[in-house]
Amino acid sequence: MNFTQELKQELDALQAKGNLRRLPALEHDGRYICTNGQRMLNLSSNDYLGLAADIELRKEFLETLTPETFLPTSSSSRLLTGNFHIYDELEDELARLFGTEAALVFNCGYHANTGILPAVADGQTLILADKLVHASLIDGIRLAAPARCIRYRHNDLNQLERLISQHGDEYRRIIIVTESVFSMDGDRTDLRELVRLKRSRDNVLLYVDEAHGFGVFGPTGLGCAEEEGCIGDIDFLVGTFGKAVASAGAYVLCSRTVREYLVNRMRPFIFTTALPPVCIAWTLFIVRRLAGMNERRKHVQHLGERLRSRLAEQGYTTPSVSQIVPMIVGPSADTVIRAENLQRHGFYALPVRPPTVPEGTSRIRFSLTAALTEEEIDRIPL
Ligand code: PMP
């Protein structure tokens, strides 16, 4: 068998199991997705605040640009000639808003999560990561070898506490790694308890990914850490711009020294062309408006509650406490049929199956945005 035939055989096996992935041909029409000749309400978007299709915001932003200031490329790594002033402005603004010493911006969350841990961990580091952390964090942990990693049961902070006391003296440093809002279950972790565990020893650091919390939680939209009053206790507070803030990129809030260290040691930061300055300008434009978006935050949380109570009426239990609301069906085949039924009724919701979620917990993952209405949530055929 030659190389192509080997690949083809593997793809055929995926298809036989119903697990072959294909890029969907789709078009966006505001809140709708058009595909296969059908127009469906998008219930699978990470545009949590409903900003991606907000024409007024776009108009306002475009007014700030001229052909001279519209910079479509940085043409280089930030360490060479790509460090346009707008990067510093965004980082200064983030550090000011969060009240931290420093911020560093990356091209995406995948870069942040695959770059930070390998940069700061070594053979004397133990990483303790929640079982359900995102694939980007898992890849970052792999790249952090020879650092050792133990995964604790999802949100089982008692087990985490035991692991810390069991291994605390064996390693020079322990890094706890978690998300604040988990992407598949829509539940949250107890950040205050994590801070308490971190403080129990002086060799423990805390890494929190707020990809699904930033923009959505907190009195000014800075995330769960803002809501729980513990921004200053998190050593690596990571978030992304591709979701609630309708842009692209990611950040870490950290100390000045950590920032300088990452600039020198973090490979996905060093060896990549910086994001286009126009993209950074749009991110900054949105970030400056985040504090004023409480109505959108309240609305999307209300929609989450409404959908959860509808699911409960139908006998479903869901771990969700956020805008991500999974309807756990169980078997994959049933889940696919449910998704198809929803789509036939004009609601674009997608099935999530193993290996993305554990065997037997296939689900429809509703991902709600502030652009939806209560009436639309009530019409979803559950
Ligand atoms: N962290 C989490 C928890 C995510 O869900 C995602 C994206 N789905 C990422 C990081 C990656 O972020 P980005 O899309 O900016 O690469």
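Residues numbered from 1 in each chain as written. Predicted model: local features only at pLDDT ≥ 70, side-chain atom pairs only at ≥ 80, totals over all residues. Heavy atoms only, no water.

Counting its regular elements, the chain contains 14 helices and 14 strands. On C-alpha atoms alone, the chain measures out to a radius of gyration of 21 Å, which is about the 21 Å that the 2.2 N^0.38 rule sets for 382 residues. If one aligns the C-alpha atoms of the chain with their principal axes, the spans along those axes are about 55 × 55 × 55 Å. Per-residue burial for the chain yields a buried fraction of 52% across its 382 residues. Taking as baseline every contact in the chain between residues at least 6 positions apart, the subset at least 24 positions apart corresponds to 70%. Within the structure as shown, the chain displays about 18000 Å² of accessible surface, and the carbon and sulfur contribution to it stands at 51%. (Helix = DSSP H or I, 4+ residues; strand = E, 2+ residues; numbered from the N terminus. Rg over C-alpha atoms; globule rule 2.2 N^0.38 Å. Buried < 20%, exposed > 50% of the residue type's maximum accessible area, 1.4 Å probe, protein only. Contact = heavy atoms within 4.5 Å. Areas by Shrake-Rupley, 256 points an atom, 1.4 Å probe, with all protein chains shown as cover.)

Around the ligand sit C108, G109, Y110, N113, H134, S136, E179, D209, A211, H212, T240 and K243, and those are all the residues in its vicinity. At 3.1 Å from a nitrogen atom of the ligand is found a side-chain nitrogen or oxygen belonging to K243. A breakdown of the residues in the shell around the ligand according to their chemical character gives three nonpolar, six polar and three charged. (Near = heavy atom within 4 Å. Polar contact = N/O pair within 3.5 Å; in protein donor to acceptor, adjacent residues only side chain to side chain. Nonpolar A, V, L, I, M, F, W, Y, C, P; charged D, E, K, R; others polar.)

With that settled, the discussion passes to the domain arrangement of the chain. For interface size, the figure often reported is the accessible area lost on association. Once the domains are mapped, the chain shows domain 1 (17-49 + 294-378) and domain 2 (85-291). Placing the centre of domain 1 and that of domain 2 at their C-alpha centroids yields a distance of 26 Å. The interface of domain 1 with domain 2 comprises 20 residues on the first partner and 21 residues on the second. Counting the surface domain 1 buries against domain 2, the share from its top three residues, Y48, L49 and R297, is 30%. A salt bridge links D185 to R363, with the nearest nitrogen and oxygen atoms 2.5 Å apart. Across the contact surface, domain 1 and domain 2 share 12 residue pairs in polar contact (both at pLDDT 80 or more). Secondary structure elements with two or more residues in the side of domain 1 that touches domain 2: α12 (294-313), β11 (324-330) and β14 (362-367). Counting residues per element, the side of domain 1 that touches domain 2 draws most heavily on α12, at four residues. Here the residues of the side of domain 1 that touches domain 2 sort into nine nonpolar, seven polar and four charged. (Domains from an automatic or database assignment. Buried area = accessible area lost by both parts, 1.4 Å probe. Salt bridge = Lys/Arg side-chain N within 4 Å of Asp/Glu carboxyl O.)

With that settled, consider the pairing of strand β2 (residues 32-35). On β2, burial follows the alternation: I33 and T35 on one face are buried, whereas Y32 and C34 on the facing-out side are not. For strand β1 (residues 27-29) and β2, the ladder comprises three bridges, and the chain directions are antiparallel. Its bridge partner lying in β2, E27 is registered against C34. Adjacent in sequence and paired antiparallel, β1 and β2 are bridged by two residues, among which G30 carries a positive phi angle near 60°. Two elements, β2 and strand β3 (residues 38-42), share four bridges in a ladder whose sense is antiparallel. (Pairing = 2+ DSSP bridges.)

Moving on, we get to the packing of aromatic side chains. Counted under the stated rule, the structure contains 10 aromatic pairs. Each residue in the set F98, F214, F241 and Y251 is aromatic and connected to the rest through ring pairs, giving one cluster. Directly above the aromatic system of Y32 lies the positively charged group of R39, at a separation of 3.9 Å from the ring centroid. Here the basic side chain of R188 rests over the ring of F217, its NZ or CZ set 4.5 Å away from the ring centre. (Phe/Tyr/Trp six-rings, centres within 6.5 Å; stacked < 30°, edge-to-face > 60°. Lys NZ or Arg CZ within 6 Å of the ring centre and 35° of its normal.)

This part takes up the layout of surface pockets. The computed volume of the second largest pocket comes to approximately 280 Å³. Taken together, 17 residues form the lining of the second largest pocket, with L205, D235, F236, S255 and V258 sitting closest to its centre. When contributions to the lining of the second largest pocket are tallied by element, the ones reaching two or more residues are β7 (173-179), β10 (250-254) and α9 (256-265). (1 Å grid on protein atoms, 1.4 Å probe; cavity = no way out; pocket = protein on both sides within 12 Å on 5 of 7 lines; lining within 4 Å. Points joined across faces, edges and corners; volume = space filled by probe spheres on them.)

Take empty space enclosed by the protein next. The tally for this structure, following the rule as stated, stands at one cavity of 30 Å³ or more. Empty space within the largest cavity amounts to approximately 50 Å³. R78, V105, F106, N107, P268, F269, T272 and A274 are the residues that line the largest cavity. For the lining of the largest cavity, the secondary-structure elements that each account for two or more residues are β4 (102-106) and α10 (267-270).

Its location among the elements puts E226 in helix α8 (residues 224-227). R297 provides the closest opposite charge to the buried, salt-bridge-free E226, at an N-O distance of 6.7 Å. There is a polar contact of 2.5 Å between the side chain of E226 and the side chain of T220. (Lys, Arg positive; Asp, Glu negative; His and termini not counted.)

Checked against the element boundaries, H111 lands in helix α4 (residues 109-120). In this structure the side chain of H111 is engaged in a polar contact, spanning 3.5 Å, whose partner is the backbone oxygen of P268. Non-local contacts of H111, meaning those with residues more than four positions away in its chain, are made with F106, M266, P268 and T272.

Our next topic: the sheet that holds β11. Strand order in the open sheet formed by three strands is β11-β14-β13, with antiparallel pairing between adjacent strands. Single-partner strands in this sheet number two, and they are β11 and β13 (350-352). Taken over all neighbouring pairs, the strand axes of this sheet differ in orientation by 35° on average, direction set aside. Across three bridges, β13 lies against β14 in antiparallel orientation. Residue pairing for β14: V352 is matched across the bridge by R363. The strands touched by α12 within the sheet are β11 and β14, with β11 carrying the most contacts at an inclination of about 20°. Along the sheet face, helix α13 (residues 332-344) touches β11, β13 and β14 and points at about 35° away from the line of β14. (Axes fitted to C-alpha atoms, helices over the stretch in contact; angles between N-to-C directions.)

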